[in-house]
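Letter by letter, the chains look like this.
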Amino acid sequence: MKKITLLLVTLFSTMGIWAMKTNLVVGSQITSAAGIVDGGKYVVRVKAGSYITEDGSRYAAPLAQNTVTEKAIFTFHANGDTWNIKCEATGKYWGALTGSATTGTFAPASEAANWTFTFDGNNIVFTSGGYHINRSSEVMHGWNTTIALQIYIVEEVNIVTAIDDFSNNKAYYVTTAERGAWFVADGGNAITSTTKAGVASSMSDNKQQFAFLTYGTTGIYHLYSISEGKFVSKSGSYTTLTSELGNNVTLLSTTNANYPFVVALNDGENQMGVSNGYNPAVITFWNDLADGGNQVQIREVDDFDPSVPMAILEAAYSTTVTVKYEVYDGEDLVESLNVVQDKNSEVNVPAALRKNTWIFDYTPSGTIGETDCTIKVVRTCKQSGVILSSDLSNNKAYILTTERGSLGSNSTQMVSTYGTSYTAGNFAIINYEDNYYLYSVADSKFVGNPVTVDNVANQPALTDDLSQVTPLTIEVITQRLYFLGMGNNGINVSNYQSGIVVNSWTTRDGGNQYIIREAADFDPTAALTALENYFHPSFADLTALNAALENLNEKTIGDKLGQYHETAEGAVAAARQAAGQFDETTPVSEQAAVDAATDALNNAVAINMPTAGQYLLIKGSSNTAYIGNGNASNGKYSRTSNADEAIVYFDGTTLRNISTGKYFAVSKDSWNWSETKEGAQTVVFSSLQTGKYTIQCGNIYLYDDDNSVDRGQSLPATTHTQYPRYTSWVLETAELSAANMKITAAQWGTFWAPFAVEIPEGVKAYTGEMRDGWIKMTEVEDVIPARTGVVVTSEEPVEADLVPAVSDTEAIKSCYTGNTTGAIMNIAQGAYLLQKQEEQVGWYKVTGEGFTLAPNRCYLAVGTVTEAKAESRTFIGFEPVDGDATGISTIASQAATKADGK
């Protein structure tokens, strides 16, 4: 049965002429008592187009009525086995029926009468007070017999009243005032109506659902069948469904507020209408806007995913495609770029990809059509001998070329061949101790830091003084193309100063993108010797200090050289500095000064910058105490004279105290240095050129003011020179021994180590094996195997130094650097912890949070206990071992307590 729209419109916005509004509409017919729900809204029809309506003091069903007003909508309320019926518009109830055609009444009342009803086929009989509803003319009254009545549900729907209400993401139901709703029929190839198809109107039937789709800002709509996944097109005088893009849809306006649209295909040439007399196709095209078959109401019914049809619209309406250009160097993809171009346009490799055309040719392949595509561009090198940076050799000289010319020299500075008569020069790229140094072959000089020549600044000079030379940075821009830097800037060929090369440019432009070509063989001996003599001067160099040392006191020499420096280079620098700063009144002979300097060097304490894998002791320069482990109450650092408590492990980036297993860290909010189990921070050491070091996390320095070492300072570099006692630290090498670890047996306990250890005297060790919810103990003889958890027992408490079973210092170190021991561990819930509770020793299940395990201890992991009987227990005991009392068999039902594991 088709749905009939109410004239009554409720809950709609009055803002604007067309806006989405919520309407109450007559829905499907109720044909059984089960279809009526408590509180539901319904209308009662006497015959087609005639509805029972409250009319002042009576109920009537006008003979000529063809619409439903708000006073024709009633709510049904269950009252036991009967019903109360109420008009929501007036708040009055159906009163009880009385009498006959002339004297009987059926009128609104403030008190509800009780009604019963029964179904006779699709008709319903209403009864109250022993009478049935009947009609005389158009007035409803009580009677001994009944007339045919039908009941319909009233539904609330969203009706589209403006074009802007349409969404590509929604499905819609389209219905007419007289001839049913749109419906896909004829084998899914055309649109008919529910009336002609002989099916009920239903907004939930996807064959009665359509999408109105538009692309971008075109404003052009297309009609799409949800059930068939096809577009609607015009075929002669009828509709047809097609997988291709359908005809345009035009929405014309009518004067009927309840049926505001007429839908047309082909830009309004003709309108889609439900025919009332033509077969086989019911939807035809008509040009009468007032016709009841082509005025439609469009209701929003469901969400819709438009991705499939929208792809078809995009292909049809978009005039451009996305072209992905990919540049290849042989088989290697160098880079790519997406470009939006017109369909069927010419291939044009973007300038952003055609880099360094002075080096490379770029050859594209492929064409641009109607769809997105990829164009492969092959890059080939015009220059020969281009190399990879890994191929550089100290035994070769090279030509260095940019698109603005090659590098050369004029005996005092670097120049270029750009716009001048200079010729390209050969340059060696010397690798010394993992640093590169640029060397002019023609001049036998290094390329040094920039200077000002002829009022032109930043020109790299040629020099023999290595103190004026900065190592060369070689960075890969793309394969075969490099950035050559000195310091923070690049060696750049200027395009506005002919012949001048500057290094004050950081942008990778055409003046500092180099190819490096092999030019000739080269003997690097002289360059390497100069570098060796500069960075590692011999003791013989001290003889050159005689004149400067003549007025130095011997003790001053000893202090300056012996305490603060570990290399000859450092000693030379300190002696030179001291010579200019001190004027002792007691001179020494030239030879005595040289001897004193030599002795000081021979006796110097060699403390190098810390390296990864070292164990260190750290103490302040103004006191003799070491930085110890954290204070138990606040976790901050303290001082200690006990070296065992102060040993730290440096892994190259972090410091960890091996006594507690915790890391050095700093709170940037409070500048407090403290210990942390997790979240270790990077620690940076910097030399003060005095044999002492600053220690910092981020910009916070470890600060020692003789009172505490638990706070930091953000200090400028000059402060470290002016007040070194507060920020400088002395480092000592720490030696690990087995005595740094203990094995403890307090009658019952557990033990684990990453290497095999001897069992101390008075201690017994047992391994355990699960047996149906119990643990079978087996004694271990002499040696506890590496990485093996054991139970240890003793008659009296024992604490002994741990002795490795083999001489393996690396194994000892692993105990402090590994992740399993040497640090407190959390115990997962469900694991079992060895404890003694109420004189009962056994494995107690961890059931809460806050359990920890001390270093070199072990516990029974959750996955180990898999037997069915053990899974539900909070306690696992021991079996007797050969009748020995070391086995305990009594079972207790208890959980582990929050205490450190033994």
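Residues numbered from 1 in each chain as written. Predicted model: local features only at pLDDT ≥ 70, side-chain atom pairs only at ≥ 80, totals over all residues. Heavy atoms only, no water.

**Focus: the overall build of the protein**
Inference 1: For the protein, the count of helices and strands is 12 helices and 68 strands.
Inference 2: Counting over 902 residues, the protein shows a buried share of 46%.
Inference 3: Of the contacts formed within the protein by residues at least 6 apart in sequence, a portion of 61% connects residues at least 24 apart.
Inference 4: With the model as given, the accessible surface of the protein reaches about 42500 Å², and the carbon-plus-sulfur share is 46%. (Helix = DSSP H or I, 4+ residues; strand = E, 2+ residues; numbered from the N terminus. Buried < 20%, exposed > 50% of the residue type's maximum accessible area, 1.4 Å probe, protein only. Contact = heavy atoms within 4.5 Å. Areas by Shrake-Rupley, 256 points an atom, 1.4 Å probe, with all protein chains shown as cover.)

**Notes on the environment of proline 260**
Inference 1: With respect to the element layout, proline 260 can be found in the loop between β23 (248-253) and β24 (261-265).
Inference 2: Taking relative accessible area as the criterion, proline 260 reaches 4% and is therefore assigned buried.
Inference 3: Taking C-alpha positions, proline 260 is 9.8 Å from isoleucine 159, a pair spaced 101 residues apart along the chain.

**Quick word on the packing of aromatic side chains**
Inference 1: Under the criterion given, the structure shown has 27 aromatic pairs.
Inference 2: Between phenylalanine 166 and phenylalanine 261, the ring centres sit 6.2 Å apart and the planes meet at 40°, which makes this aromatic pair tilted. Highlighted residues: phenylalanine 166 in the loop between β15 (150-160) and β16 (170-176) and phenylalanine 261 in strand β24, separated in sequence by 95 residues.
Inference 3: An aromatic cluster of at least three residues, connected via ring pairs, comprises Tyr42, Tyr59, Phe74, Phe76, Trp83, Trp94, Phe106, Trp115, Phe117 and Phe126.
Inference 4: Taking the ring centre of tyrosine 328 as reference, the NZ or CZ of lysine 376 above it sits at 4.9 Å. (Phe/Tyr/Trp six-rings, centres within 6.5 Å; stacked < 30°, edge-to-face > 60°. Lys NZ or Arg CZ within 6 Å of the ring centre and 35° of its normal.)

**As for the pattern of salt bridges**
Inference 1: Within the structure shown, the criterion is met by 11 salt bridges.
Inference 2: The partner of arginine 58 in a salt bridge is aspartate 55, with the nearest N and O atoms 3.6 Å apart.
Inference 3: The exposure class assigned to aspartate 55 is partly exposed, which follows from its relative accessible area of 40%.
Inference 4: For the salt bridge of arginine 379 with aspartate 329, the shortest nitrogen-to-oxygen distance reads 2.7 Å. Taken as a pair, arginine 379 in strand β31 (residues 373-381) and aspartate 329 in strand β28 (residues 320-329) lie far apart in primary sequence, 50 residues in all.
Inference 5: A residue is classified by how much of its surface remains accessible, and arginine 379, at 6% relative accessible area, is buried. (Salt bridge = Lys/Arg side-chain N within 4 Å of Asp/Glu carboxyl O.)

**A few points about unusual backbone geometry**
Inference 1: The phi dihedral of serine 411 falls on the positive side, at around 80°, and the residue is not glycine.
Inference 2: Considering the arrangement of structural elements, one finds serine 411 in the loop between β33 (405-409) and β34 (414-416).
Inference 3: Exposure remark for serine 411: the relative accessible area of 40% places this residue in the partly exposed category.
Inference 4: Of note in the backbone geometry, serine 444 takes a positive phi value of approximately 50° without being a glycine.
Inference 5: Here serine 444 falls in the partly exposed class, since its relative accessible area comes to 43%.

**Concerning the environment of glycine 104**
Inference 1: Inspection of the secondary structure assignment puts glycine 104 in the loop between β9 (93-94) and β10 (108-109).
Inference 2: For glycine 104, a relative accessible area of 15% corresponds to the buried category.

**Describing the sheet that holds β31**
Inference 1: Taken in spatial order, the 4 strands of this open sheet run β29-β28-β31-β30, and their pairing is mixed. The sheet terminates laterally at β29 (332-342) and β30 (360-365), the two strands that pair on one side only. Pairwise comparison of adjacent strand axes, ignoring direction, gives a mean angle of 25° for this sheet.
Inference 2: Here β28 runs beside β31; their pairing, made up of 6 bridges, is parallel. (Pairing = 2+ DSSP bridges. Axes fitted to C-alpha atoms, helices over the stretch in contact; angles between N-to-C directions.)

**Concerning the confidence of the model for the protein**
Inference 1: Mean pLDDT for the protein: 75, with 71% of residues reaching 70 or above.
Inference 2: A low-confidence stretch, residues 538-574 stays under pLDDT 50, and its non-local contacts, those more than four residues away or across chains, total 75 contacts. (pLDDT = per-residue confidence, 0-100.)

**A word on a negative patch on the surface**
Inference 1: A contiguous patch of negative charge on the surface is contributed by Glu758, Glu779, Glu781 and Asp782.
Inference 2: Among the structural elements, aspartate 782 can be located in the loop between β60 (774-780) and β61 (783-784).
Inference 3: The exposure class assigned to aspartate 782 is exposed, which follows from its relative accessible area of 58%. (Patch = residues over 30% accessible without salt bridge, like charges linked within 9 Å, V, L, I, M, F, W, Y side chains within 5 Å. Lys, Arg positive; Asp, Glu negative; His and termini not counted. Charge placed at Lys NZ, Arg CZ, Asp CG, Glu CD.)

**Observations regarding the pairing of strand β14 (residues 139-143)**
Inference 1: Bridge count for strand β13 (residues 131-136) against β14 is 5 bridges, and the pairing is antiparallel. Counted as the bridge partner of isoleucine 133 is glycine 142 from β14.

**Concerning the environment of alanine 424**
Inference 1: Within the secondary structure, alanine 424 sits in the loop between β34 and β35 (427-432).
Inference 2: When the C-alpha atoms of alanine 424 and tyrosine 398 are compared, they prove to be 10.0 Å apart, with 26 residues separating the residues in sequence.
Inference 3: Excluding anything up to four places from it in sequence, alanine 424 contacts Ile399, Ser406, Leu407 and Thr417.

**Section: the nonpolar core**
Among soluble globular proteins, nonpolar side chains are generally buried collectively.
Inference 1: Counting 25 residues, the largest nonpolar core has Phe76, Trp94, Trp115, Phe126 and Ile133 as the members making the most contacts within it.
Inference 2: Breaking this core down by element, the ones donating at least two residues are β3 (41-47), β7 (74-79), β8 (82-87) and β12 (123-128).
Inference 3: Apart from residues lying up to four places away in sequence, tryptophan 115 is in contact with Thr82, Trp83, Ile85, Trp94, Gly95, Leu97, Phe106, Phe126, Thr127, Ser128 and Ile133.
Inference 4: In this structure, Tyr221, Leu223, Val263 and Met272 belong to the second largest nonpolar core, which totals 24 residues. (Core = buried A, V, L, I, M, F, W, Y, C linked by side-chain atoms within 4.5 Å.)

**Structural notes on helix α2 (residues 307-317)**
Inference 1: Those residues of α2 lying buried are Pro309, Met310 and Leu313. One side of α2 carries all its buried residues, which in axial view fall inside an arc of 100°. Residues of α2 that are exposed and point more than 90 degrees away from the buried face comprise Val308 and Ala315.
Inference 2: Buried residues along α2 sit against β19 (210-214), β20 (221-225) and β21 (230-235). (Arc of directions from axis to C-beta.)

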